Amino acid sequence: MVTTTATSLFFPAGFSFPTSSKTSMMLGGGSDKLGASGIKSKPTSSGGLQVKVNVQDNPKINGTMVTLKNEDEDETPLPPLRNFINQLPDMLIDPFVQEELIFSQNFSIRSYEIGPDQTASIETLMNLLQETALNHVRNIGLLNDGFGSTPEMSRRNLIWVVTRMQVLVDRYPSWGDVVLVDSWVSASGKNGMRRDWLVRDSKTGETLTRATSIWVMMNKQTRKLSKMPEEVRREIEPQFIDCAPILNEDSRKLPKLNDNTLDYVRTGLSPGWNDLDANQHVNNVKYVGWILESAPVSIWESHELSGMTLEYKRECGRHSMLQSLTAVSGDITGDLLDAFRVECQHLLRLESGSMVMRGRTEWKPNMPITWGAWV
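In the annotation of an unreviewed UniProt entry, the protein is listed under the name Acyl-[acyl-carrier-protein] hydrolase and assigned to Tetracentron sinense. The record held by UniProt for the protein lists under Function (unreviewed entry) the comment "Plays an essential role in chain termination during de novo fatty acid synthesis." Reading the Sequence similarities (unreviewed entry) entry of the UniProt record for the protein gives the comment "Belongs to the acyl-ACP thioesterase family."

Encoded structure:
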């Protein structure tokens, strides 16, 4: 149950973070404009991006104001605290402030997270989005014994599942790059929640990836979808931001592939023990890897994945056997290098025929690779 984006999508014209008259929050440095349109900021003296939110005037530890006295007995506030999980060394990151409604976290791209083109894989980016979301919930004190569940959700055996996700990749980071991931949540109808992400180069502020997703609740025992209880709503509503999605919805219908319309198929897929998360279901990032299993190697060699739209229909269990189907749109009977952009339709199904997930991916031609010396 997840969805991802189309390459032609940009920030909605009316997209902006909510503002407040109190103060502003640093969300990284570099650019005074993100994407083609949408979030606009004014540069600060340190080159950072300022977004208005409700925050405290001075940093606090466990709710207590922290100040530092100098020799003249003047009280000087300590610099903003880095309160994300798994801090990186000072030499690798820029300071930032994480406050009430927008959570920000830095990540360094590791050598084992890149592919043959020396850039991060799409699975790496998806894992960073998921990690940021969970740390956001933990940071605001709503992470209970469930994997991302609030205390009231845990009392009712409820967990979050993603039903739709759109992802747009402008540029993949490389090994050693530090990326800054911002994430926030909004209401989605009566029983859902929308979570958005913005991934930027921590050094330059360049926008790398934008993503939006829809989440609903499922009973952990019955595995059936559930309405949002009022007690849960009261827990999470104070964290909602009233703003448009970071990406316009890709409303094109996703076709259901079958044996007559597919071009490529990969069979015999099944989850391993390490593919399960703490809620005992297959991690949603694994589904992305599975649908790409049937994408032809010729596309991987000549193009890079630039956008995804995904719809998750059902979960699969530990002993499920799956098939990945792909159909390539357009005339690519010749050399794929001659195709400027390629679009693929995907279907992940159980061997019994039941649909697990369907999606659309968009691909743009690779930039020439300059191979460096490897030690």
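K.L.:
Break down the packing of helix α1 (residues 122-139) against helix α4 (residues 284-293) for me, with residues and values.
P.N.:
Between α1 and α4, the least distance of the axes is 9 Å, while the angle of their chain directions is 165°. With respect to their mutual orientation, α1 and α4 come out roughly antiparallel. Pair α1 / α4 crosses with right-handed handedness. Contact residues: α1 offers Ile122, Glu123, Met126, Asn127 and Gln130, while α4 offers Asn284, Val285, Val288, Gly289 and Leu292. Among the residues forming the contact of α1 with α4, the class breakdown is 5 nonpolar, 4 polar and 1 charged.

K.L.:
Residue-level account of the confidence of the model for the protein, with values.
P.N.:
Of all residues in the protein, 67% attain a pLDDT of 70 or more, and the chain-wide mean is 76. Least confident of the elements in the protein is strand β1 (residues 23-29), whose mean pLDDT is 33; most confident is strand β10 (residues 192-201), at 97. With pLDDT under 50 throughout, residues 1-98 is counted as low confidence; its partners more than four residues away or in other chains account for 237 contacts.

K.L.:
Before we move on, can you summarise unusual backbone geometry with the specific residues and values?
P.N.:
The phi torsion of most residues other than glycine is negative, and most of the peptide bonds are trans. Look at Gln118: it is not a glycine, yet its phi comes out positive at around 70°. On the secondary structure map, Gln118 appears in the loop between β7 (103-108) and α1. Its relative accessible area of 21% is what places Gln118 among the partly exposed residues. With a phi angle near 60°, Asn157 is a residue other than glycine that sits in the positive phi range. By the secondary structure assignment, Asn157 is in the loop between α2 (151-155) and β8 (158-169).

K.L.:
Tell me about the nonpolar core, residues and numbers included.
P.N.:
Residues Ile122, Met126 and Tyr287 are the most contacted members of the largest nonpolar core, which totals 59 residues. A total of 7 residues in this core trace back to one element, the largest contributor, which is α1. Of the domains in this structure, domain 1 (80-247) and domain 2 (250-368) are the two that each give at least three residues to this core. The next biggest cluster of nonpolar side chains, apart from the first, holds 9 residues, and it includes Trp184, Ile241, Cys243 and Leu247.

K.L.:
If you had to explain the side chain of His136 to someone new, which residues and values would you point to?
P.N.:
Tracing the backbone through its elements, the reader meets His136 in helix α1. Given a relative accessible area of 1%, His136 falls into the buried group. One polar contact links His136 to Arg195, side chain to side chain, over a distance of 3.1 Å.

K.L.:
Can you break down the environment of Arg164 residue by residue, with the values?
P.N.:
Here Arg164 shows up in strand β8. Along the primary structure Arg164 and Glu311 are separated by 147 residues, whereas in three dimensions their C-alpha atoms are 4.7 Å apart. Polar contacts involving the side chain of Arg164 include one to the main-chain carbonyl oxygen of Asp250, which spans 2.7 Å. For Arg164, the side chain forms a polar contact with the side chain of Glu311, separated by 2.8 Å.

Cut-offs applied
Residues numbered from 1 in each chain as written. Predicted model: local features only at pLDDT ≥ 70, side-chain atom pairs only at ≥ 80, totals over all residues. Heavy atoms only, no water. UniProt positions renumbered as here; feature names shortened; annotations may be inferred. Axes fitted to C-alpha atoms, helices over the stretch in contact; angles between N-to-C directions. Helix = DSSP H or I, 4+ residues; strand = E, 2+ residues; numbered from the N terminus. Parallel < 35°, antiparallel > 145°, perpendicular 65-115°, else oblique. Left-handed = near helix turned anticlockwise from the far one by under 90°. Contact = heavy atoms within 4.5 Å. Nonpolar A, V, L, I, M, F, W, Y, C, P; charged D, E, K, R; others polar. pLDDT = per-residue confidence, 0-100. Buried < 20%, exposed > 50% of the residue type's maximum accessible area, 1.4 Å probe, protein only. Core = buried A, V, L, I, M, F, W, Y, C linked by side-chain atoms within 4.5 Å. Domains from an automatic or database assignment. Polar contact = N/O pair within 3.5 Å; in protein donor to acceptor, adjacent residues only side chain to side chain.

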